[in-house]
Amino acid sequence: MAPALENLRGLVKRPPAIGNLKGIVKRAPSLENLRGMVKRPQAFDNIGEFVKRAFEKGEASRFEAHRRLQLVLLQDRSSLTAESLEALKNDLLVVMAKYVIIERDCLEIDIKQSGESLLLIANVRVFNDGEAVENPQPLLSPKKTAALKNSLLETAANYLPVDSDSIEVEEQHFNDSVVLVSSIRIADGESFPERKERTASLAAS
Amino acid sequence: MEGEVYVINSGKGGVGKTTATANVGSALALRGHKVLLIDADIGLRNLDVVMGLENRIVYDLVQVIEEVCQPQQAMIRDKLTENLFLIPAAQTRDKTAVTGEQVKGLCEKLKPDFDYILIDSPAGIEQGFKNAMEAADKAIVVTTPDVAAIRDADRVIGFIEAAGLSKPELILNRVRPGMVRRGDMMTTEDVLDLLSVQLLGLVPEDEKMIVSANRGIPVVHDMKSRSGEAFRRVAARVEGEDVPMLKLEVRDGLFTWLKKMVGIKGAVGASA
Ligand SMILES: Nc1ncnc2c1ncn2[C@@H]1O[C@H](COP(=O)(O)OP(=O)(O)O)[C@@H](O)[C@H]1O
Ligand SMILES: [Mg+2]
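Source: prediction; values computed, not measured.

Trainee: I keep staring at the overall build of chain A and nothing clicks. Help me out?
Mentor: Along the backbone of chain A there are seven helices and four strands. Secondary structure elements of chain A occur, N-terminal to C-terminal, as α-α-α-α-α-β-β-α-β-β-α. For chain A, the proportion of contacts with a sequence separation of at least 24, taken over those separated by at least 6, is 68%. Of the roughly 11000 Å² of accessible surface on chain A, 52% is carried by carbon and sulfur atoms.

Quick look at the structure:
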């Protein structure tokens, strides 16, 4: 059975996401930046510079912990390797790009336990010219939505044991953009640890 | 009305399960409830020393389960708080000595006599953890804001939800506001975002905790301690009261003062 949209909303805490998405993009410091922050034990011109450096370096450690954990938890929950996750993410992105114009680097995937089911959740920010609209129209026709659902399911099934009639796709309209929220239920009627073992062997084979 | 059975677990050891059980239990009893603590960490008995009750043990959990004695005979009355009781773990046995069914059976039998039953779970995701979880209606997960503890907490949350218990609530323990402020410790928001659970309490790192453990007096009895206040608020929330989270503040040190002087923006809030 598909999870009700109601549930989905509660679950997808992140997607009133615009803010968050932005945050994530901002948060992930590029390697360049990181390098700049961490080393260089040279003398500082003034105390202000010193304090600033120390502060920035500190900031990096908290963000780093958060970012690393995001990935590790995703791997733990799905028993997929980092590479498989990255590949899954890319494939989902490719599928979605056939239906909507998406903003670069803004696909977020997550795997969450919802009651007794495990859900694969993919949020993507759809490009929009920034015009605020009073009564937003749906981006995709019902027919297109159905086709997108099918493609997403097929893609996910290459990586995880998905439940074929459990996909939900919802458009969330905001002032300056639209977020496409998709959720797919993984496996069926199995408890978390057993399912994990199954997905683990699947990932290994 | 029947009592509620809570299990306190964490995945990783040493993050504060036993401390939380002792303190939330004491605080609930101080609020007038009848409370039973069960130490389910068989072979690694701990709750008795944290409560300062180690000299009063006659029977233990395994003996109750094996019907060597009545549950009431194994219950130790707390020395400080009325209406607070402890069934200690067996020290000489291992986790296979009891089954989840048996612990559940015991709790069902005792529920009518108590307002709250708190089970201190062993660390890990093995049999002992499963036994404790099976007996409970609700779960509290304790974690510290570090990568290893959070990773383990996530595993445990997965098990709890899959077992059909309601979504567990989180106690974030050993928070160091100064480090949060410097950006060297994840904020409460970071942790909640990762684990997607509700926050039940925010407990600061507190030296008084060690003093309290040395004396065998739970820190909630120290009205001046911050960690004690944090646990008293957890107890209020368990009862359903809507109390604000403890504000964890650092007094402005030289560092902060300097930072303000040079006008650096983007300070990470320490009220987390
Ligand atoms: N907020 C805190 N501040 C300082 N020390 C703490 C705090 N919480 C727990 N501790 C200490 O950490 C140690 C481990 O705590 P404990 O409750 O026994 O963990 P667990 O039961 O999860 O293994 C104990 O020595 C305890 O006193
Ligand atoms: Mg313990």
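Trainee: When you look at unusual backbone geometry in this model, what are you seeing that I'm missing?
Mentor: Among all residues save glycine, negative phi is the norm, and among peptide bonds the norm is trans. In this structure, Ser 79 of chain A is a non-glycine residue whose phi angle is positive, near 60 degrees. Position of Ser 79 of chain A among the secondary structure elements: in the loop between α4 (47-78) and α5 (82-97). Unusually for a residue other than glycine, Glu 67 of chain B sits at a positive phi of about 60 degrees. Secondary-structure assignment places Glu 67 of chain B in the loop between α3 (61-65) and α4 (71-74).

Trainee: I tried to follow the packing of α5 of chain A against helix α6 (residues 142-157) of chain A on my own but got confused; where do I start?
Mentor: Residue and element names in this part refer to chain A. Viewed as axis vectors pointing N to C, α5 and α6 meet at an angle of 160 degrees, and their least axial separation amounts to 10 Å. Relative to α6, α5 is oriented roughly antiparallel. Of the two possible hands of crossing, α5 and α6 adopt the one that is right-handed. Of the residues in α6, those touching α5 at Leu 88, Asp 91, Leu 92, Val 95 and Met 96 are Leu 148, Ser 151, Leu 152, Thr 155 and Ala 156.

Trainee: Would you take a moment to explain the sheet that holds strand β4 (residues 178-186) of chain A for this structure?
Mentor: Strand pairing in a sheet is mediated by backbone hydrogen bonds. Such pairs are either parallel or antiparallel. All names here are of chain A. Strands sit in the order β1-β2-β4-β3 across an open sheet of four strands; the sheet is antiparallel. Both edges of this open sheet fall to β1 (102-114) and β3 (168-173), since each of them pairs with a single strand only. Here the average twist between neighbouring strands, direction ignored, is 20 degrees. Bridge analysis of strand β2 (residues 117-126) against β4 gives nine bridges, and the strand direction is antiparallel. In the sheet register, Ala 122 faces β4, and the bridge partner there is Ser 182.

Trainee: What is the right way to read the site of ligand 1 from this model?
Mentor: Residues and elements named next belong to chain B. Every one of the 13 residues lining ligand 1 counts as a neighbour, but Gly 14, Lys 17, Thr 18, Thr 19 and Asn 173 are closest to it. Take Gly 14: an N or O atom from its main chain is 2.7 Å from an oxygen atom of ligand 1. Here ligand 1, which alone exposes 560 Å², has 80% of that area covered by the protein. Those elements that place two or more of their residues in the shell around ligand 1 are α1 (17-30) and β7 (169-175). Top contributing element to the shell around ligand 1 by residue count: α1, with three residues. The class makeup of the residues in the shell around ligand 1 is three nonpolar, six polar and four charged.

Definitions and limits used
Residues numbered from 1 in each chain as written. Chains lettered and ligands numbered in written order. Predicted model: local features only at pLDDT ≥ 70, side-chain atom pairs only at ≥ 80, totals over all residues. Heavy atoms only, no water. Helix = DSSP H or I, 4+ residues; strand = E, 2+ residues; numbered from the N terminus. Contact = heavy atoms within 4.5 Å. Areas by Shrake-Rupley, 256 points an atom, 1.4 Å probe, with all protein chains shown as cover. Axes fitted to C-alpha atoms, helices over the stretch in contact; angles between N-to-C directions. Parallel < 35°, antiparallel > 145°, perpendicular 65-115°, else oblique. Left-handed = near helix turned anticlockwise from the far one by under 90°. Pairing = 2+ DSSP bridges. Near = heavy atom within 4 Å. Polar contact = N/O pair within 3.5 Å; in protein donor to acceptor, adjacent residues only side chain to side chain. Nonpolar A, V, L, I, M, F, W, Y, C, P; charged D, E, K, R; others polar.

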